[in-house]
Amino acid sequence: MGSGSFANMREHLDYDLIDHIVISHMHADHFFDVIPLRYALLYGPRKRETKVKLWLPPGGETQLRELCASFADEGAGDFLKVFEIGTYDPKRSLRLADATISFCPTRHYIPTFALRYENEGTIITYSADTAPDENVAKHADDSKLFICEATLTANEVEHGMRGHSSAREAAEMARKAGVEHLLLSHYPSEATQEELILHARSVFNGKITVADDHARMAL
Ligand SMILES: [Zn+2]
Ligand SMILES: [Zn+2]
């Protein structure tokens, strides 16, 4: 739900069909589009009255309320008309209809959770934002699809606390996890597809795709 995702999503999916949204961490590039979604749900033509369940990491609700207070007189009031806010417990898995989502803390600058989605044997793991992390790799074990961040360019060095990975480091986690397909995401806009795949390919033999707006894949 980072900036731009809601507009992109509208080209493919009726937002009125969304039941649940699960947020990995409270950095703006991962949740800010719940704001335009809130306007759409509040004022757009809707066929159903059900609220969208918005699952936030621990502490996320306070942050969201503070954000709403800065632009809406009602604070989070309008938000609560269309969203039912829930805080997930990262130690427990979440059952959402036929799917189970489980969490793993990542190495990032604020509390962040990788998400593992399982539904009838299909496993998709999303790294969220993370520096290379053994536990995230374990969490992705045997995934059909591993969506992993690749924020850093090939030779970029993170000084001090680390919080991101390069395409090569993403591929190392994919190899450890034994995933079928690595989808590189959250990469620098100056990086080319060829570069990203080249760096990832040096350590991972499975399928590698670079995520892009409006790309489709069948699972
Ligand atoms: Zn982040
Ligand atoms: Zn991010």
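Above this text you will find the structure in question.
Residues numbered from 1 in each chain as written. Chains lettered and ligands numbered in written order. Predicted model: local features only at pLDDT ≥ 70, side-chain atom pairs only at ≥ 80, totals over all residues. Heavy atoms only, no water.

Some details on helix α4 (residues 60–69)
Rule in force here: Under the scheme applied here, a residue whose accessible area is under 20% of the maximum for its type counts as buried, over 50% as exposed, and between as partly exposed, the area being computed with a 1.4 Å probe on protein chains only. For the purposes of this entry, the term helix denotes a DSSP run of H or I that reaches at least four residues, the term strand denotes a run of E that reaches at least two, and both are numbered from the N terminus. What the arc describes is the spread of directions from the helix axis to the C-beta atoms. In this description, contact between two residues means that some pair of their heavy atoms is separated by no more than 4.5 Å.
For α4, every residue scored as buried is listed here: Gly60, Leu64 and Cys68. When α4 is viewed along its axis, its buried side chains cluster within an angular range of 70 degrees and face the same direction. Set apart from the buried face of α4 by more than 90 degrees, the exposed residues are Glu66 and Ala69. For α4, the elements touching its buried residues are α2 (28–31), α3 (34–43), β2 (52–56), α5 (77–82) and β3 (83–87).

Considering the sheet that holds β2
Picture the strands of a sheet paired through backbone hydrogen bonds; they go either parallel or antiparallel. The test is simple: A pair of strands is treated as paired once DSSP finds two or more bridges between them. Only C-alpha atoms enter the line fits that serve as axes; for helices the fit covers just the stretch in contact. Angles between N-to-C directions range over 0 to 180 degrees.
In space, the three strands of this open sheet follow the order β1-β2-β3, with parallel pairing throughout. Two strands bound the open sheet, and with one partner strand each, they are β1 (20–22) and β3. Recorded for the sheet is a direction-independent mean angle of 20 degrees between the axes of neighbouring strands. In this sheet, β2 lies alongside β1 in parallel orientation, the contact comprising three bridges. What sits directly across from Val22, in β2, is Trp55. Here α3 sits on the sheet and contacts β1, β2 and β3; the angle it forms with β3, its principal contact strand, is near 145 degrees.

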